Each structure stands twice: as C-alpha cells, then as structure tokens.
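Survey of secondary and tertiary structure
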Amino acid sequence: SATDPNLLKGIDEGDNNPLYVAVHSGQERLVNYFVSQGVPLVSVSPIPYKVKKKMNGKSWEEGCPVLLEDLHYVKFVHWGLDNKHHLGELVIHKKAAPNLTEILTDLYHAQYPIEKAVLIDDYNANDDRSMEDNNTSAFNCRKMTGGKRFSEHSYGAALDINPRVNPYVKGKLVLPKSGRAFVNRNPTVKGLITRGDAVYNAFTQRGWKWGGDWRSPSDYQHFELPR
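On a predicted model such as this, the values are computed, not experimentally measured, just so you know.

This part covers the environment of His109. The residue His109 is located in helix H4 (residues 97–109) in this model. Looking at His109, the relative accessible area reads 53%, which means it is exposed. Separated by 27 residues in sequence, His109 and Asp82 have C-alpha atoms that sit 16 Å apart.

Applying the stated criterion across every chain yields a total of 7 aromatic pairs. With 4.1 Å between their ring centres and 10° between their planes, Phe203 and Phe223 make a pair best called stacked. Remark: Phe223 occurs in strand E9 (residues 222–224) and Phe203 occurs in helix H6 (residues 198–204); sequence separation between them is 20 residues. With relative accessibility at 0%, the residue Phe223 sits in the buried group. Between Trp210 and Tyr220, the ring centres sit 6.0 Å apart and the planes meet at 55°, which makes this aromatic pair tilted. Pair noted here: Trp210 is in strand E7 (residues 209–210) and Tyr220 is in the loop between strand E8 (218–219) and E9, with a separation of 10 residues, a long-range link. With a relative accessible area of 14%, Tyr220 lands in the buried category. Each member of the aromatic cluster is reached from another via a ring pair, and the members are Tyr200, Phe203, Trp208, Trp210, Tyr220 and Phe223. The lysine or arginine in question, Lys143, covers the ring of Phe150, its NZ or CZ lying 4.6 Å from the ring centre. Over the face of the ring belonging to Tyr155 we find Arg227, whose NZ or CZ atom lies 3.7 Å from the ring centre.

What follows is about unusual backbone geometry. A cis amide bond links Leu175 with the next residue in sequence, Pro176, at an omega value of -5°. Mapped onto the fold, Pro176 is located in the loop between strand E6 (173–175) and H6. Look at the link from Ser216 to Pro217: it is a cis peptide, with omega at 0°. Residue position: Pro217 is located in the loop between E7 and E8. Of note in the backbone geometry, Asn134 takes a positive phi value of approximately 60° without being a glycine. Position of Asn134 relative to the elements: it lies in the loop between helix H5 (127–132) and strand E4 (158–160). Under the relative-accessibility criterion, Asn134 is labelled buried at 2%. In this structure, Asn162 takes a positive phi of about 40° despite not being glycine. Looking at the element boundaries, Asn162 is found in the loop between E4 and strand E5 (168–170).

What counts as what
Residue indices begin from 1 for each chain and proceed along its sequence in written order. The predicted nature of this model means local features are confined to residues of pLDDT at least 70 and side-chain atom pairs, given and counted, to a pLDDT of 80 or more, with totals for whole chains, interfaces and linings taken over all residues. With hydrogens and water excluded, all non-hydrogen atoms of the structure serve as input to the side-chain values. Put simply, DSSP H or I for four residues or longer makes a helix, DSSP E for two residues or longer makes a strand, and each gets a number counted from the N terminus. Any residue under 20% of the maximum accessible area for its type is buried, any over 50% is exposed, and the rest in between are partly exposed; the area is computed with a 1.4 Å probe on protein chains only. Side-chain rings of Phe, Tyr and Trp, where Trp is taken by its six-membered ring, are said to pair if the distance between their centres is within 6.5 Å; with planes under 30 degrees apart they count as stacked, over 60 as edge-to-face, and otherwise as tilted. In this scheme, Lys NZ or Arg CZ marks a charge over a ring once it lies within 6 Å of the ring centre and within 35 degrees of the ring normal.

Spelled out as structure tokens, the structure:
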C-alpha cells in the first residue's frame, strides 16, 4: 500500500500526500493512478522548522532583503531525465508561490524533464556547485553574478532551471563551466529551454521574464517575476 507508514521514511514530517509517497517509493504505476485522479502535483506551505534550520546561515542570514516568514516551501512532482517521476523542492517568495504552482503543473503535463531540484543549502548555498550538478533552484540570498546588488534570487523572485544545459553566458564567461558544451542551443537536448517552448510559455504567459531573451548576459536557465 502507498499509505504504508514505512514508506513515509524520507518524506517531510506531516506530509501524507499519497502521490508523494508513491513517487518516493518508486511506484510508477501508482503515481500515474494518483495523477489521473487529480491528486495535486504541487504543495505550498510556510517553511517548515527543519527547513528553516537548514537554510539559516546558508541560503538565508540576517541582512537578507526578505524575512524567512515571507518565503514559502514548495514541493512538487516532476519528470526526470530518466523519464521517471521525482520529487523536487524549492523556496520561493509567498507572493510568487501560487503562480509557480500553475507553472510547475504545466511543466509536468508537458513532460519537461528536470534533472533534480533540491534546496541549494545541500550545496552550502554555493551557486557554482549547484549549477555544476544541474540542480534547479530558486531562493538564495546572494549578490548578482559579477555585481554588488542583491540577485533576484535573494527576494525569492527567480528560478534557475537545469543550469548546466541552460548556462549563463556573457562574452567568454560561461557558468557553470560544464555548460560550455550547451552554448550552441540544440533544442533536442533534454531539459534545454528555447524561446516559444513549453517552459518559456508556461513562465512568460504568467508574467515571468526569461534571461535567454537578454542580449548580454544571456542567462538561459533564469526566469524572474518582476516585483
């Protein structure tokens, strides 16, 4: 049974969404059943205590431009590069959360693959390490790349998706370094984002801006919601 308490190991305390339990335990047929029954793919909540503890001193610290209470924790089901279901997690500003819920639902139904989405605190809030691991992430209190102002990620108003195959490009600078192989945009690459595709449309139709539309830098991984 997908509701067997033993299958809850590794799932956040208090999380009894049967779809998440089925994904966590690798029961693909049961996942498909729950999706067909309309079980929510995305959940949003105030940041749980253990997540706050994990973030404190890493992705968030005193002096950041938002309070932890202004942020929400998002858990979602997504397709992976292996064509299987996975659980992802993000932290986003509470005002952007309903909008992002719709977007992540659209990405699921478009079968857009996200390699992984774990909190950037798992990389000690090091954006370079997260990007090299092709990790999708949102909130991280940090300065802009090459700048002194807070990044939009510091406000919980930005999301970076599959950053290795959707790198940041400014002249000869490519981030992450392994993203150099994907500077020439080949839409057949799994997880790569192009103008007009399902990912682009899901975000831009809801008011988000895509960094791939910028001339310099071209930030193909980056979507942000104007504050």
